[in-house]
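Overview (structure and organization)
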Amino acid sequence: MAFFWQQSEASIFLVTLCALLVAVFMGLALKTQRGCLGPIFFLSGAMSNIVDRMVYGGVIDYFNVGFGGRVNIADAMIIGGILWAIVFYEQNKKIHSTH
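Keep in mind that what you see is a predicted model, and the values were worked out from it rather than measured.

**Focus: the overall build of the chain**
For the chain, the helix and strand inventory stands at three helices and two strands. The helix and strand sequence of the chain, counted from the amino end, reads α-α-β-β-α. Put simply, of all contacts in the chain between residues at least 6 apart along the chain, 56% involve residues at least 24 apart. When the accessible surface of the chain is totalled, it reaches about 7300 Å², and 71% of it is carbon and sulfur.

Written out as structure tokens, the structure is:
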């Protein structure tokens, strides 16, 4: 069991490092802090799911909503990040097409 934990720590470190590098490069490409929020939310949600699966064997970050359902926080961040990036891209496209 100790070997598995050491292997997971290295995997978590590598996944985190890769995600941070992707976020930095996306931020440099987008050149604005607002534009980086979508990719950051997306990567944070994806990393959360990956780490949960490596450490706990499954996703654990659920919360109950009022009508009897459960929502995965990381999945909500992924969807929110994608929506944010789409809206930001469309707004920038409109701004740049008018100039």
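**Re a nonpolar patch on the surface**
A contiguous nonpolar surface patch, about 460 Å² in accessible area, is contributed by Phe42, Ile79, Ile82, Leu83 and Ile86. Residue classification places Ile79 among the exposed positions, given a relative accessible area of 52%.

**Concerning the confidence of the model for the chain**
Of the residues in the chain, 75% reach a pLDDT of 70 or more, and the chain-wide mean stands at 76. When pLDDT is averaged over each element of the chain, strand β2 (residues 70-72) comes out on top at 86 and helix α1 (residues 2-30) at the bottom at 65. Below pLDDT 50 for its whole length, residues 1-5 participates in two contacts with residues either more than four positions away or in separate chains.

**Side note on the side chain of Asn72**
Among the secondary structure elements, Asn72 is positioned in strand β2. Within the local environment of Asn72, its side chain forms a polar contact with the backbone nitrogen of Ala74, the two atoms lying 2.9 Å apart. Those residues in contact with Asn72 that sit more than four places away from it in its chain are Asn49, Val59, Asp61 and Tyr62.

**Observations regarding the side chain of Asp52**
By the secondary structure assignment, Asp52 is in helix α2 (residues 33-56). Although Asp52 is buried, it forms no salt bridge, and the closest oppositely charged side chain is Arg53 at an N-O distance of 8.0 Å.

**Looking at the packing of aromatic side chains**
Applying the stated criterion to the full structure yields zero aromatic pairs. Of note, Arg70 hangs over the ring of Tyr62, and the distance from its end group to the ring centre comes to 4.7 Å.

**Concerning the environment of Gly38**
By secondary structure assignment, the location of Gly38 is in helix α2. Along the primary structure Gly38 and Ile79 are separated by 41 residues, whereas in three dimensions their C-alpha atoms are 9.3 Å apart. Once you skip the residues sitting within four places of it in the chain, Gly38 turns out to touch Gly81, Trp84 and Ala85.

Conventions we followed
- Residues numbered from 1 in each chain as written.
- Predicted model: local features only at pLDDT ≥ 70, side-chain atom pairs only at ≥ 80, totals over all residues.
- Heavy atoms only, no water.
- Helix = DSSP H or I, 4+ residues; strand = E, 2+ residues; numbered from the N terminus.
- Contact = heavy atoms within 4.5 Å.
- Areas by Shrake-Rupley, 256 points an atom, 1.4 Å probe, with all protein chains shown as cover.
- Patch = residues over 30% accessible without salt bridge, like charges linked within 9 Å, V, L, I, M, F, W, Y side chains within 5 Å.
- Salt bridge = Lys/Arg side-chain N within 4 Å of Asp/Glu carboxyl O.
- Buried < 20%, exposed > 50% of the residue type's maximum accessible area, 1.4 Å probe, protein only.
- pLDDT = per-residue confidence, 0-100.
- Polar contact = N/O pair within 3.5 Å; in protein donor to acceptor, adjacent residues only side chain to side chain.
- Lys, Arg positive; Asp, Glu negative; His and termini not counted.
- Phe/Tyr/Trp six-rings, centres within 6.5 Å; stacked < 30°, edge-to-face > 60°.
- Lys NZ or Arg CZ within 6 Å of the ring centre and 35° of its normal.

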